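Listed below are the residues making up each chain.
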Amino acid sequence: MTKKERYEKVIAWFQENVPVAETELHYNNPYELLIAVILSAQCTDKRVNMITPRIYQDFPTPEALAATTPEVIFEYIRSVSYPNNKSKHLVGMARMLVNDFNSEVPDTLEELIKLPGVGRKTANVIQSVVFNKAAMAVDTHVFRVSHRIGLVSNSCTTPFSVEKELMKNIPDELIPIAHHWLILHGRYVCQARTPKCETCGLQLMCKYYCEKYKVSKDTPKRKNK
């Protein structure tokens, strides 16, 4: 199977079987999503969703968050990973939004990554989810799933190299939803330690599955139980 064929088949399967795919982080506006994504670094969305309602309620605007201190925010987020750094990032982010961006979340990579706590991955999430731009955020799920399926080669050893390869082969209009397809597939099916290959609909399109079970592209697909 050529790379082009693999991409076409994988995209077609997701379009048919997962027509709706979106972030599992809870938010009501770009500012709230920015808070949630910063908190989600090396932390589960489930945990983030447990603590953000109080933050959204008590600090509903960038001005409110900018007026507080990292020490105060720490008490709200102490159950997430790296609360010390993230509390500083959140307050710093809010202050920069107020001072440099008229309290509005910017929509470009160049401006987003200026914000404390915002790297390329976080910036791409905001661009994709909020502004529906063709931006591919590569987290651990996207990185793993892309390699296992065979969407990217083994030479793609960094998140940025995976991002470039996916961007090159996925139509621009599908990149925002493709980001979620890969994340959700990695979270619930193609898991790190115990991938659910037996029930995965991508079996014969997946390089990992075909190599593991010595399946040729012409072998009839195994029926899921």
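Everything numeric in this text was worked out from a predicted model, so none of it was measured. Each chain has its residues counted from 1, following the order in which its sequence is written. A pLDDT threshold of at least 70 governs which residues receive local features in this predicted model, and a stricter bar of 80 or more applies before side-chain atom pairs are shown or counted, although totals over entire chains, interfaces and linings include all residues. Based on all heavy atoms of the structure, the side-chain values leave hydrogens and waters out of the count.

Participant: Can you tell me about the packing of aromatic side chains, naming the residues and giving the values?
Facilitator: Under the pairing criterion, centres of Phe, Tyr and Trp rings, with the six-membered ring standing for Trp, must be within 6.5 Å; the plane angle then separates stacked pairs below 30 degrees from edge-to-face pairs above 60, leaving the rest tilted. Under the criterion given, the structure shown has four aromatic pairs. Both rings, one in W13 and one in F14, keep their centres 5.2 Å apart while their planes meet at 75°; by these two values the pair is edge-to-face. Of the two residues, W13 and F14, both sit in the buried class. Relative to Y213, the ring of Y209 lies with its centre 4.6 Å away and its plane at 40°, an arrangement referred to as tilted. Among the aromatic residues, ring-to-ring pairing joins W13, F14 and W181 into one connected group. We call a charge positioned above a ring when the Lys NZ or Arg CZ atom is no farther than 6 Å from the ring centre and deviates by at most 35 degrees from the ring normal. Its end group placed over the ring of Y208, R148 keeps NZ or CZ at 5.1 Å from the ring centre. Per-residue accessibility, obtained with a 1.4 Å probe over protein chains only, is compared with the maximum for each type, and a residue is labelled buried under 20%, exposed over 50%, and partly exposed between these values.

Participant: Give a description of the UniProt feature "binding site: [4Fe-4S] cluster" (unreviewed entry) in the protein chain that names residues and reports values.
Facilitator: Mapped onto this numbering, the UniProt entry annotates "binding site: [4Fe-4S] cluster" (unreviewed entry) at C190, C197, C200 and C206. The greatest C-alpha distance among the residues just named is 10.6 Å, despite their covering 17 residues of sequence, which places them together in space. Here, the largest cavity is lined by C190, C197, C200 and C206 out of the annotated residues. A run of DSSP states H or I qualifies as a helix once it reaches four residues; a run of E qualifies as a strand once it reaches two. Both are numbered from the N-terminal end. The topology assignment puts C197 in the loop between α11 (175–188) and α12 (207–212). Among residues more than four places away in sequence, those in contact with C197 are Q203, Y208, Y209 and Y213. You can call C206 buried: its relative accessible area is 9%. The contact rule is simple, with two residues in contact once any of their heavy atoms fall within 4.5 Å. If sequence neighbours within four positions are ignored, C206 has contacts with R6, R148 and I149. UniProt positions are given in the numbering used here, feature names are shortened, and annotations may be inferred rather than shown by experiment. In this analysis the probe radius is 1.4 Å and the grid spacing 1 Å, with only protein atoms considered; a cavity is a set of points the probe fits into but cannot get out of, a pocket is an open set with protein on both sides within 12 Å along at least five of seven lines, and lining residues have an atom within 4 Å of a point.

Participant: Give me the lowdown on the nonpolar core, citing residues and values where you can.
Facilitator: Nonpolar side chains tend toward joint burial in soluble globular proteins. Take the buried Ala, Val, Leu, Ile, Met, Phe, Trp, Tyr and Cys residues and link them wherever side-chain atoms come within 4.5 Å; each set so joined is a nonpolar core. Counting 36 residues, the largest nonpolar core has L34, I35, L39, L65 and M93 as its most contacted members. A per-element tally of this core places helix α2 (residues 30–40) first, with eight residues. What M93 contacts, discounting residues up to four positions off in sequence, is L34, I35, I38, L65, L115 and P116. Counting 28 residues, the second largest nonpolar core, distinct from the first, contains V10, F14, L184 and C190.

Participant: Before we move on, can you summarise the pattern of salt bridges with the specific residues and values?
Facilitator: A pairing counts as a salt bridge when a side-chain nitrogen of Lys or Arg comes within 4 Å of a carboxyl oxygen of Asp or Glu. Inspection of every chain in the model, using the stated rule, returns six salt bridges. Across the salt bridge formed by R120 and E163, the nearest N and O atoms sit 2.9 Å from each other. Here R120 is found in helix α8 (residues 120–131), whereas its partner E163 is found in helix α10 (residues 159–169), with 43 residues between them in sequence. Connected via shared salt-bridge partners are K3, E165 and K168.

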